[in-house]
Amino acid sequence: QVQLQESGPGLVRPSGTLSLTCAVSGGSISTSNWWSWVRQTPDKGLQWIGEIDLNGVTNFNPSLKSRVSISIDKSKSQISLNLNSVTAADTAVYFCARHLLTTPGFDVWGQGTLVTVSS
Amino acid sequence: EIVLTQSPGTLSLSPGERATLSCRTSHSVASTYVLWYQQKPGQAPRLLIYDIFTRAAGIPDRFSGSGSGTDFTLTISRLEPEDSAVYYCQHYGRSPPMYTFGQGTKLEIK
């Protein structure tokens with residue numbers, strides 16, 4: 001079955017750019033039309049960051065839209081996240097997730113990766 | 001912007017009992033756009049229920065979803081110790097696309 005694995009630096013400096021990659025394994029990236037990034041903090045809980053489809057069409061959370069980009073590389077079965085101008089408020093566990101085919105929700109999640117923003 | 005309010009914040013029950021978890025939306029929504037997840041410490045959320053009452057793959061029939069309008073419920077019958085977790089509801093809004101989560105209900109099995 002499809003598995004997702006997030007990777008990237010665990011520490012990012014304030015004002016820098018957070019960059020993460022989600023590797024899809026155990027099945028084709030085409031098992032879903034859409035893929036998302038979600039983050040989790042103790043105080044704000046689960047927060048959807050944005051989504052991308054297999055053609056590269058993206059949608060973002062309005063609260064993050066000005067700072068975020070998501071891309072997809074179907075040849076490498078990877079989805080990437082970039083979040084710029086980070087602050088301590090961006091410290092979170094970041095998950096990538098596969099969308100259900102029929103309903104807007106997430107049926108497969110990566111294990112998550114903790115990113116800390118600190119100098 | 002829609003707000004999802006889950007109650008209670010914490011629920012403490014014994015094995016074999018029934019848990020009723022509530023998710024209230026700030027305005028009426030399409031039922032098919034409310035989903036439920038389970039999250040255990042150190043793990044990613046796990047999809048439980050979608051399309052109102054459809055269980056995700058591998059989810060036992062002790063888990064059931066219901067609701068409409070602004071009030072949605074996740075019911076877990078015959079509680080087992082492994083059901084200890086935080087449960088989240090999630091809503092999808094179409095215009096613009098937006099996925100919103102509730103703040104979660106922590107279920108403790110005594």
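What comes next is a walk through the structure. (Residues numbered from 1 in each chain as written. Chains lettered and ligands numbered in written order. Predicted model: local features only at pLDDT ≥ 70, side-chain atom pairs only at ≥ 80, totals over all residues. Heavy atoms only, no water.)

From N to C terminus, chain A includes 0 helices and 11 strands. Each helix and strand of chain A, ordered N terminal to C terminal, gives the series β-β-β-β-β-β-β-β-β-β-β. Taken over C-alpha atoms, the radius of gyration comes to 13 Å for chain A, in line with the 14 Å a tight globule of 119 residues would show. Overall, the C-alpha framework of chain A stretches about 40 × 25 × 25 Å when taken along its three principal axes. The proportion of buried residues among the 119 residues of chain A is 51%. In chain A, once contacts between residues fewer than 6 apart in sequence are set aside, the share between residues at least 24 apart is 51%. Carbon and sulfur atoms make up 48% of the accessible area of chain A, which totals about 5,300 Å². Of the charged side chains in chain A, 8 are positive and 7 negative, and the gap between their average positions amounts to 6 Å. (Helix = DSSP H or I, 4+ residues; strand = E, 2+ residues; numbered from the N terminus. Rg over C-alpha atoms; globule rule 2.2 N^0.38 Å. Buried < 20%, exposed > 50% of the residue type's maximum accessible area, 1.4 Å probe, protein only. Contact = heavy atoms within 4.5 Å. Areas by Shrake-Rupley, 256 points an atom, 1.4 Å probe, with all protein chains shown as cover. Lys, Arg positive; Asp, Glu negative; His and termini not counted. Charge placed at Lys NZ, Arg CZ, Asp CG, Glu CD.)

Residue and element names in this part refer to chain A. A one-sided burial pattern is seen for strand E3 (residues 18-25), the buried positions being Leu 18, Leu 20, Cys 22 and Val 24 and the unburied ones Ser 19, Thr 21, Ala 23 and Ser 25. When E3 meets strand E8 (residues 78-83), the two strands line up antiparallel, connected through 6 bridges. Note that in E8 the partner of Ser 19 across the bridge is Asn 82. (Pairing = 2+ DSSP bridges.)

This part covers the packing of aromatic side chains. Residues and elements named next belong to chain B. On inspection of all chains with the given rule, the structure shows 10 aromatic pairs over all chains. Between the aromatic rings of Tyr 37 and Phe 101, the centroid separation amounts to 6.0 Å while the plane-to-plane angle is 50 degrees, which identifies the pairing as tilted. Linking Tyr 37 in strand E4 (residues 34-39) with Phe 101 in strand E9 (residues 98-101), this pair joins segments that are 64 residues apart in sequence. Since its relative accessible area comes to 0%, Tyr 37 is described here as buried. (Phe/Tyr/Trp six-rings, centres within 6.5 Å; stacked < 30°, edge-to-face > 60°.)

On inspection of all chains with the given rule, the structure shows 2 disulfides over all chains. Sulfur-sulfur distance for the disulfide between A:Cys22 and A:Cys96 comes to 2.1 Å. Judged by the sign of its S-S torsion, about 65 degrees, the bond between A:Cys22 and A:Cys96 is right-handed. Of this pair, A:Cys22 sits in strand E3 while A:Cys96 sits in strand E9 (residues 92-99), and the two are 74 residues apart along the sequence. Comparing A:Cys22 with A:Cys96 shows no difference in burial state: the two are buried. Covalent S-S linkage joins B:Cys23 and B:Cys89, the inter-sulfur distance amounting to 2.1 Å. For the disulfide bridge between B:Cys23 and B:Cys89, the dihedral angle about the S-S bond is near 75 degrees, and by the sign convention the bridge is right-handed. (Disulfide = S-S within 2.5 Å.)

All names here are of chain A. Pairing of E9 with strand E10 (residues 106-109), which is carried by 3 bridges, proceeds in the antiparallel orientation. Bridge pairing in E10 places Ala 97 opposite Trp 109. Counting the residues between successive antiparallel strands, the hairpin from E9 to E10 contains 6 residues.

Take the sheet that holds strand E7 (residues 63-76) of chain B next. Residues and elements named next belong to chain B. The 3 strands are arranged E1-E3-E7 in an open sheet whose pairing can be described as antiparallel. Each having just a single partner strand, strand E1 (4-7) and E7 make up the two edges of the open sheet. On average, each strand axis in the sheet is tilted by 20 degrees relative to the strand beside it, whichever way the strands run. (Axes fitted to C-alpha atoms, helices over the stretch in contact; angles between N-to-C directions.)

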